[in-house]
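Survey of secondary and tertiary structure
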Amino acid sequence: MHRLLSIFTHKILTNPNYTLPKQTTSFFLSSQFNPRTNRLGLLRVISYAPLNRRTADPEDPSNLIKEDGVSILSQMWIENFREPDRIVTNLTSYIRRFELWVLAYQKVCADDMGAYMPRSSVQRSALEDLLALRNAVLDGRFRWGARLEFYIKSPKDKTEYESLSKRKIKTILTTTQPSPFQDKLVQEVLLMVLEPIYESRFSQKSFAFRPGRNAHTALRVIRRSFAGYLWYIKGDLSTVLDGMKVGLVINALIRDVRDKKVVDLIKTALLTPVVTSNDDGVVKKKKSRKYQKKRVLAEDEPKPDPYWLEMFFGFAPEEAEKLPSWGHCGILSPLLANICLDELDRWMEGKIKEFYHPSKSDVIWNSPEGEAEQGNTSWPEFVPTSGPDKTRKMDYIRYGGHILIGVRGPRADAATLRKQLIEFCDQKYMLKLDNESLPIEHITKGILFLDHVLCRRVVYPTLRYTATGGKIISEKGVGTLLSVTASLKQCIKQFRKLNFLKGDRDPDPQPCFRMFHATQAHTNAQMNKFLSTMVEWYRYADNRKKVVNFCAYILRGSLAKLYAAKYKLRSRAKVYKIGDRNLSRPLKEKKGQSPEYHNLLRMGLVESIDGLQYTRMSLVPETDYTPFPSNWRPEHEKALLEYISLDDPKTLEEQRRCIMDQGLVSPQNYISMLVWNYKKSAVPLDQFTFVKSGSSDIERDEQLLLDSIQDNLENKTIEEEEKGERFCVSHL
């Protein structure tokens, strides 16, 4: 547009005979705006005339996006961590924010389609449907578990529900269907709003279904805090994860959230029945399928789904196998389970403080508060031997629906605590527990938790030799060591579940026929990913090398039997002879192939085959014994707390007071003094000289600056007087 205007004015000013178009002739009727007589007036009109810009559509839903959704969520996290004990009553204002709905749409689309969708790629029709869903939620018109009528559908859902037949409609209404796309959106928005509120309130003793915490964190806390405990109570409360009464869940929810709209949404999600298939008594006829000959995939064909993903989830420990799913809550269910079980965590924290009785004769844990760091903090799993009067101490940890309590004291104390715990669960959760569901075990028997065994090893003093050559060793140990080792029995059980081996005492690898139709390179790559996962899972186990080497032996033997059957090599020994120990060389040779494999690989004519990892124990990395702090928090919580402390004016005032007490100068004060000195007296001041002279007293630093300013003013006054005298003499 600007380019056309410049060309138009250039033609008028350079050519007086230029004739205007008919549309613009009527505009310049008067002599004041005649381009031939008043060219300056034309320029003024063209310069100040408003351009025809594209007006914004007031009905466009993108106009409601005033702020970034991530910044809104960040502000929510900061506010809740700044005031973690306040009762929240204004969550509807956050649900009204359209930015959160767009962010939820992006997240659900990423989970549903497997690719992230930027905000600029969201279509206007999708935004309009999303706005209709938001208004339905706010007006109370939204219904959970809709099957045929939707406010918004998934981008990959192309089904025309208006043209479906009656048989298909009946199938949709009476059989189990995945959660609707609009339900996932509402669940995501509710999770965004509720998670920062409860994460600031949750106990530090729970580690499941929470951001920044996982099974590894629980194992490191056990290694750090459970050393020296003799009796352990292991409880299974996983029946709570199957479902609770709606009244108990709502009562736990309204302790901190008093927003009626949010509470009613969650209540209806719990009360709305979930339609599932009812196949009891119905015998379905088996359809005979024609046999299809399977073939080996070519190199340019797409590979099958990664097999290692299924194996990884198959290796989940017993405590992490069950994921709560309550009604239509979906991804809200784990959060609601933690909200309900948080009462148990708070109750146990109170019991820990009541149970603590320090003893002055104990080597460690003898402070009255019980919070001080004592003992060898760099080796927390070692507890030195104490006298007969030991400190009574207790600790607790929860992962999902499984709890672990360590008691340092007599067994009678552990039995009393178990009785109180049974009464509390019966009163709060209506959960009937008995002594068998909460067994009390001694540390010498080994405590199984998260597929790791907690056991105790006695540390004896070093040997001393006598003059006659004999050895003297004290039968009394100097302390005990808490050992966290991976359970080889559980590992064998998981491999047997995946049909990788048979037998218990002498496990024999079985061929992995599921990978029969994949190439050797693809099969080795999938098994390497699985081995890397196992190495990371057993990262903090004392026997990490041993258990990972066992996993590598099972997988290598399974692949060797698979390749022997696939390429007709008869035995594993022949497979290892051709393919090497790590199976990195090709086992199938083409006829008439003269060049060697490495020459073909260098020319790019064959696919590279990665050998299996960790075929020797020396290749397995060492156990990670990095010290774990007692007051550990996830990185995002550390950043939040640090931001809140720095944003507090009291923190800045304390830092200034500390600087003044120590006789130091802050960089801001030094720069301000330096700039003031340059402006007033134009005397440069060296930073080293300033700091050196002012390292002891700030007042002396200021006096130095004032003296330099006074000297400069006196010098200026003398110079001005001399200039005045010279001016008078020259004037005379």
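Throughout what follows, the structure given in this document is the object of discussion. In this text, all values refer to a predicted model and were calculated from it rather than measured experimentally. (Residues numbered from 1 in each chain as written. Predicted model: local features only at pLDDT ≥ 70, side-chain atom pairs only at ≥ 80, totals over all residues. Heavy atoms only, no water.)

**A closer look at the overall build of the protein**
In plain terms, the rule: Comment: elements are numbered from the N terminus, with helices defined as DSSP H or I runs of at least four residues and strands as E runs of at least two. Here the Shrake-Rupley method, with its probe set to 1.4 Å, supplies the accessible areas, and only the displayed protein chains count as covering residues.
If you tally the helices and strands in the protein, you get 26 helices and 12 strands. Of the roughly 44200 Å² of accessible surface on the protein, a fraction of 53% belongs to carbon and sulfur atoms.

**Topic: the packing of helix α17 (residues 488-497) against helix α19 (residues 544-566)**
Keep this limit in mind: Angles here are taken between N-to-C directions and fall from 0 to 180 degrees, while the axes themselves are lines fitted to C-alpha atoms, restricted in helices to the stretch in contact. When describing relative orientation, an angle under 35 degrees is termed roughly parallel and one over 145 degrees roughly antiparallel, while 65 to 115 degrees is termed roughly perpendicular and anything else oblique. Put simply, a crossing is left-handed when the front helix is turned counterclockwise from the back one by less than a right angle, and right-handed when it is turned clockwise. Residues are treated as being in contact if the distance between any of their heavy atoms lies within 4.5 Å.
Running from N to C, α17 and α19 cross one another at 25°; their axes reach a closest spacing of 11 Å. With respect to α19, the element α17 is oriented roughly parallel. In this structure, the crossing between α17 and α19 has a hand that is right-handed. Contacts between α17 and α19 involve Leu488, Cys491, Ile492 and Phe495 from the first element and Val547, Phe550, Cys551, Ile554 and Leu555 from the second.

**Section: the pairing of strand β3 (residues 393-399)**
Where we set the bar: Only protein chains enter the area calculation, which uses a 1.4 Å probe; residues under 20% of their type maximum are buried, those over 50% are exposed, and those in between are partly exposed. Two strands form a pair only when DSSP identifies at least two bridges running between them.
Burial analysis of β3 places 7 of its 7 residues in the buried class, the great majority of the element. On β3, burial covers both faces: Lys393, Asp395, Ile397 and Tyr399 on one face and Met394, Tyr396 and Arg398 on the other are all buried. Here β3 pairs with strand β4 (residues 402-408) via 7 bridges, running antiparallel. Looking at β4, one finds that methionine 394 is bridged to valine 407. Taking the residues between adjacent antiparallel strands as the criterion, β3 and β4 are bridged by 2 residues, where glycine 400 takes a positive phi near 70°.

**Describing the pattern of salt bridges**
Filter applied, for reference: Take a side-chain nitrogen of Lys or Arg and a carboxyl oxygen of Asp or Glu: if they are within 4 Å of each other, that pair is a salt bridge.
Within this structure, the stated rule accounts for 32 salt bridges. The partner of arginine 97 in a salt bridge is glutamate 99, and the shortest N-O contact between them spans 3.4 Å. In this structure arginine 97 comes out as partly exposed when scored by relative accessible area, which is 29%. The residue glutamate 321 makes a salt bridge to lysine 497 at a minimum N-O spacing of 3.8 Å. In this pair, glutamate 321 is assigned in the loop between α14 (307-314) and α15 (333-355) and lysine 497 in helix α17, connecting sequence segments 176 residues apart. Several salt bridges converge on common partners, so that one network encompasses Glu199, Arg210, Arg213, Arg633 and Glu637.

**A closer look at the nonpolar core**
Within soluble globular proteins, side chains that are nonpolar generally end up buried alongside one another. Short version of the rule: Residues grouped as a nonpolar core are buried Ala, Val, Leu, Ile, Met, Phe, Trp, Tyr and Cys residues, joined through side-chain atoms within 4.5 Å.
The biggest cluster of nonpolar side chains holds 88 residues, and the ones touching the most others in it are Tyr105 and Ile405. Top contributing element to this core by residue count: helix α9 (residues 181-199), with 11 residues. Setting aside chain neighbours within four positions, we find tyrosine 105 in contact with Met117, Val122, Ala126, Leu130, Ile152, Pro155, Phe181 and Leu185. Residues Cys512, Ala564, Leu587 and Phe628 belong to the second largest nonpolar core, which totals 66 residues.

**Some words on the side chain of asparagine 543**
Test applied: Between N or O atoms, a polar contact is any pair within 3.5 Å; within protein, one atom must be a potential hydrogen donor and the other a potential acceptor, and residues adjacent in sequence are included only when both atoms are from side chains.
Counting through the fold element by element, asparagine 543 comes out in the loop between α18 (520-537) and α19. Separated by 2.8 Å, the side chain of asparagine 543 and the backbone nitrogen of alanine 486 make a polar contact. Aside from chain neighbours lying at most four places away, what touches asparagine 543 is Thr485 and Ala486.

**Re the sheet that holds β4**
Pairing is antiparallel in the open sheet, where 4 strands are placed in the order β3-β4-β1-β5. Two strands close off the open sheet at either side, each with one partner strand: β3 and β5 (440-442). The mean angle between the axes of side-by-side strands here comes to 20°, regardless of whether they run parallel or antiparallel. Bridging between strand β1 (residues 231-236) and β4 involves 6 bridges; their strand directions are antiparallel.

**Quick word on α17**
Residues of α17 that are buried: Gln490, Cys491, Ile492, Gln494 and Phe495. Looking one or two places after α17, you find asparagine 499, whose phi comes out positive at around 60°.

**Section: unusual backbone geometry**
Phi angles above zero are rare outside glycine, and methionine 430 is one such case at about 55°. You will see that asparagine 499, though not glycine, has its phi angle at about 60°, which is positive. Topologically, asparagine 499 is positioned in the loop between α17 and β11 (501-502).

**Thoughts on the sheet that holds strand β7 (residues 452-459)**
Within a sheet, each strand pairs with its neighbour through backbone hydrogen bonds, oriented either parallel or antiparallel. Strand order in this open sheet of 4 strands is β2-β10-β7-β6, and the pairing throughout is antiparallel. Edge strands, defined here as strands with exactly one partner in the open sheet, are β2 (382-384) and β6 (447-449). Direction aside, neighbouring strands of the sheet carry axes that sit 30° apart on average. Sheet topology places β7 next to strand β10 (residues 479-486); 8 bridges connect them, and they run antiparallel. Within β10, the residue paired with valine 459 across the bridge is glycine 479.

**Some remarks on the pairing of β1**
Summarising the sheet, β1 and β5 pair through 3 bridges and their orientation is antiparallel. Counterpart to tryptophan 231 in the pairing with β5 is histidine 442.

**Quick notes on helix α6 (residues 98-113)**
The condition is simple: Any helix carries an expected span of 1.5 Å times its number of residues minus one.
A rise of 1.5 Å per residue sets the reference length of α6, with its 16 residues, at 22 Å; its end C-alpha atoms lie 22 Å apart and thus fit the reference within 8%. Looking at α6, one finds that the buried residues are Phe98, Glu99, Leu100, Trp101, Val102, Leu103, Ala104, Tyr105, Gln106, Val108, Cys109 and Asp112. Lining the buried residues of α6 we find α4 (69-82), α5 (92-95), α7 (124-139) and α9. Of the residues trailing α6, glycine 114 is marked for its positive phi of about 80°.

**Thoughts on the packing of aromatic side chains**
Each aromatic ring pair is described using two quantities: the centre-to-centre distance and the angle formed by the ring planes. Spelled out, the test is: Aromatic pairing here means that ring centres of Phe, Tyr or Trp (its six-membered ring) are within 6.5 Å. Orientation follows from the plane angle: under 30 degrees is stacked, over 60 is edge-to-face, and everything else is tilted. Definition used: whenever NZ (Lys) or CZ (Arg) falls within 6 Å of the ring centre and also within 35 degrees of the ring normal, the charge is taken to sit over that ring.
One pass over the structure, following the stated rule, counts 16 aromatic pairs. With 6.0 Å between their ring centres and 20° between their planes, tryptophan 77 and phenylalanine 81 make a pair best called stacked. Highlighted residues: tryptophan 77 and phenylalanine 81, both in helix α4, separated by 4 residues, approximately one helical turn. Here tryptophan 77 and phenylalanine 81 have matching classes, each one buried. Sitting over the ring of phenylalanine 355, arginine 392 keeps its end group 4.9 Å from the ring centre.

**What to know about the environment of tyrosine 429**
Take tyrosine 429: it is sitting in the loop between α16 (411-428) and β5. Under the relative-accessibility criterion, tyrosine 429 is labelled buried at 9%. Residues tyrosine 429 and leucine 344, spaced 85 residues apart in sequence, show a C-alpha to C-alpha distance of 9.7 Å. In this structure tyrosine 429 touches Met244, Leu248, Cys340, Leu341, Glu343, Leu344 and Phe424, once residues within four positions along its chain are discounted.

**Quick notes on the environment of valine 137**
Of note, valine 137 is situated in helix α7. For valine 137, a relative accessible area of 3% corresponds to the buried category. Sequence-distant contacts of valine 137, defined by excluding residues within four places in its chain, comprise Trp101, Phe142, Val186, Lys261 and Leu265.

**Overview of the environment of leucine 454**
Relative to the elements of secondary structure, leucine 454 occurs in strand β7. In the structure, leucine 454 is positioned 29 residues away from serine 483 in sequence and 5.8 Å away in space, judged by C-alpha atoms. Leaving out residues up to four positions away in the same chain, leucine 454 has contacts with Ile222, Tyr232, Leu404, Ile443, Gly446, Ile447, Leu482, Ser483 and Val484.

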